[in-house]
Amino acid sequence: MNADLVIVGSGLFGLTIAEQAATELGLKVAIIDRRHHIGGNAYSKFEENTGIEVHQYGAHLFHTSNERVWEYVNRFTEFTNYVHRVYTRHNDIVYPMPINLGTINQFFNAAYSPAEAKALIQDQAGELAGTNPKNLNDKGISLIGRPLYEAFIKNYTAKQWQTDPSELPASIISRLPVRYNYDNRYFNDKYEGLPLDGYAAWLERMAAHPNIEVHLNTDFFEEGHEFSRSKVIGQAPVIYTGPIDRYFDYAEGDLSWRTIDLEEEILPIEDFQGTSVMNYADANVPYTRIHEFRHFHPERTYTKDATVIHREFSRFAEHGDEPYYPINTSADREKILKYRELAAGENQVLFGGRLGNYKYFDMHMAIGAALSMFDNKIKPHFTGGNKIV
Ligand code: FAD
Ligand code: NA
């Protein structure tokens, strides 16, 4: 083991740290990942029969308003001008999302002006005025009124959580955005797009520096290789981006996560749904949404003979499942505080990324957080400033 810095996990957090350490400081960096590919959850591959780029861990849309992150990611890839839009199917009718004036007018079969629609929704949301929402149902109704809540939010949320919203805490949603105009752009960020030649090419370029060594199929907690925990700790600083509870052998208990199951299907038609993401708002369909990957790249000439879709199902993660979204119950919040204390006491190990923080990070947030950790902790350690302790 002759690396100056060892990074556990080759997701965007680990790759950003590795790239900066190699490029800015000339360090020898070893990245290990237990998967057979780099890039963490942002990884994609070109499906072999159709050549269509498929995001393996759920559809990933890049967006940011952070100038530094935008400049940084453009060092490794160009971005297309893809603009994300989502539709939802309810009672066999398709509506634009997030809820906007188009959704409202279609739903109420009306031609309300922005002011009229706002007055209507305020009136409907007043149903529970003066009461304190006891659960997610009441919260939803108090935010956007019963008709829209029950049509577009209630059953979709029940499927995401596999729990009736009357038994979910009101705190899961703090707001339900309603746009009183026809804007149905999904993201509000200044920059948005998809990597021109695919996610894998972008991620590979981040690891291309000759000082960066990548070791795949290599689990930090398994012995039998030179980068196992027992061989590395104390030899070089470690940036750990795996699950924080796993690092401490679940000493404070499991943190809870939701995971998703993706069922891939290749259909012998050019176009299945006419758009990249269709939500299914109703209870009688078991999946939450369908992704159709060809629509993420209208600029590419994909085959007309086939299309690739993913049906997405949501459920609680168990040991061995991929942890995707932190659930963050009050028990989880108590546990994470204890884990953070343990992490602070760990010699020469820094915890980062979404799994190391038990926090949902969009890609731009993971990259931004890694750039900050590099500036504030790693660079000083190697350039005569404060040491990583
Ligand atoms: P990860 O990408 O999870 O990388 C962590 C890596 O650590 C993994 O490769 C894992 O194999 C490795 N690892 C873990 N334990 C070990 C171990 N013991 N030994 C070795 N390696 C280990 N962001 C967006 O900006 N836009 C989106 O549209 C978007 N959609 C998403 C959809 C889903 C379903 C999910 C789950 C996330 C989405 N994200 C999206 C978020 C994006 O995936 C994260 O921002 C990104 O993954 C964060 O990178 P990371 O490095 O923190 O974690
Ligand atoms: Na420490």
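Cut-offs applied
Residues numbered from 1 in each chain as written. Chains lettered and ligands numbered in written order. Predicted model: local features only at pLDDT ≥ 70, side-chain atom pairs only at ≥ 80, totals over all residues. Pairing = 2+ DSSP bridges. Helix = DSSP H or I, 4+ residues; strand = E, 2+ residues; numbered from the N terminus. Buried ≥ 20, exposed ≤ 12 C-beta atoms within 10 Å, placed from the backbone. Contact = placed C-beta atoms within 7 Å. Axes fitted to C-alpha atoms, helices over the stretch in contact; angles between N-to-C directions. Parallel < 35°, antiparallel > 145°, perpendicular 65-115°, else oblique. Left-handed = near helix turned anticlockwise from the far one by under 90°. Nonpolar A, V, L, I, M, F, W, Y, C, P; charged D, E, K, R; others polar. Domains from an automatic or database assignment. Near = placed C-beta within 6 Å. Core = buried A, V, L, I, M, F, W, Y, C linked by C-beta atoms within 7 Å.

### Some words on the pairing of strand S7 (residues 93-97)
Alright, step 1. With 5 bridges joining them, strand S6 (residues 86-90) and S7 adopt antiparallel strand pairing. Paired with His-90 across the two strands is Ile-93, which belongs to S7.

### Comments concerning helix H5 (residues 136-144)
Alright, step 1. The element H5 is extensively covered by neighbouring structure, given that 8 of its 9 residues are classed as buried.
Alright, step 2. Among the residues of H5, Leu-136, Asn-137, Lys-139, Gly-140, Ile-141, Ser-142, Leu-143 and Ile-144 are the ones counted as buried.
Alright, step 3. Looking at the packing, one finds that the buried side of H5 touches helix H4 (114-125) and helix H6 (146-161).
Alright, step 4. Of the residues trailing H5, Gly-145 is marked for its positive phi of about 85°.

### Observations concerning the packing of H5 against H6
Alright, step 1. At a minimum axis distance of 9 Å, the contact between H5 and H6 shows a crossing angle of 140°. The angle between the axes of H5 and H6 places the two elements in the oblique class. Relative to H6, H5 is oriented so that their crossing is right-handed. Contact residues: H5 offers Leu-136, Asn-137, Gly-140, Ile-141 and Ile-144, while H6 offers Arg-146, Leu-148, Tyr-149, Ile-153, Lys-154 and Thr-157.
Alright, step 2. Residue classes in the contact of H5 with H6 are distributed as 6 nonpolar, 3 polar and 2 charged.

### Notes on the domain arrangement of the protein
Alright, step 1. On domain assignment, one finds that the protein holds domain 1 (5-38 + 207-255 + 325-382) and domain 2 (95-172).
Alright, step 2. One C-alpha centre belongs to domain 1, the other to domain 2, and the line joining them spans 40 Å.

### What about unusual backbone geometry?
Alright, step 1. Residue Pro-98 follows Met-97 across a cis peptide bond; omega there is -15°.
Alright, step 2. In this structure, Pro-98 sits in the loop between S7 and helix H3 (101-107).
Alright, step 3. With a phi close to 50°, Tyr-358 is a non-glycine residue in the positive phi region.
Alright, step 4. With respect to the helices, strands and loops of the structure, Tyr-358 is situated in the loop between helix H11 (353-357) and helix H12 (363-382).
Alright, step 5. For Tyr-358, a count of 23 C-beta atoms within 10 Å gives the class buried.

### With respect to the site of ligand 1
Alright, step 1. Taken together, 35 residues sit near ligand 1, with Gly-9, Gly-11, Gly-40, Gly-242 and Gly-353 positioned nearest.
Alright, step 2. Secondary-structure elements contributing two or more residues to the shell around ligand 1 are helix H1 (12-25), H11 and H12.
Alright, step 3. Residues that form the shell around ligand 1 fall into these classes: 17 nonpolar, 12 polar and 6 charged.

### Comments concerning the nonpolar core
Alright, step 1. Val-6, Ile-7, Ile-17, Ala-18, Ala-21, Val-29 and Ile-31 are the most contacted members of the largest nonpolar core, which totals 63 residues.
Alright, step 2. Here this core takes 8 residues from H12, the largest share from any one element.
Alright, step 3. Not counting residues within four places of it along the chain, the set of residues in contact with Ala-18 comprises Ile-7, Val-29, Ile-31, Ala-207 and Ile-212.

### Structural notes on the sheet that holds strand S11 (residues 257-267)
Hydrogen bonds along the backbone pair up the strands of a sheet, which may run parallel or antiparallel.
Alright, step 1. With respect to topology, 7 strands assemble into an open sheet ordered S7-S6-S12-S13-S14-S11-S15, the strand pairing being mixed. Looking at strand neighbours, the two that pair on one side only are S7 and strand S15 (325-326), the edges of this open sheet.
Alright, step 2. Against the sheet, H6 engages S6, strand S12 (277-280) and strand S14 (307-316), with an angle of about 95° to S6.

### So, the sheet that holds strand S9 (residues 212-215)
Alright, step 1. Spatially, 5 strands are ordered S9-S2-S1-S10-S16 in an open sheet, and the strand pairing comes out parallel. Bordering the open sheet on either side are S9 and strand S16 (349-351), each of which pairs with just one other strand. Adjacent strand axes in the sheet meet at a mean angle of 20° when their direction is disregarded.
Alright, step 2. Bridging between strand S2 (residues 29-32) and S9 involves 4 bridges; their strand directions are parallel. Bridging from a neighbouring strand, Ala-30 pairs with Glu-213 of S9.

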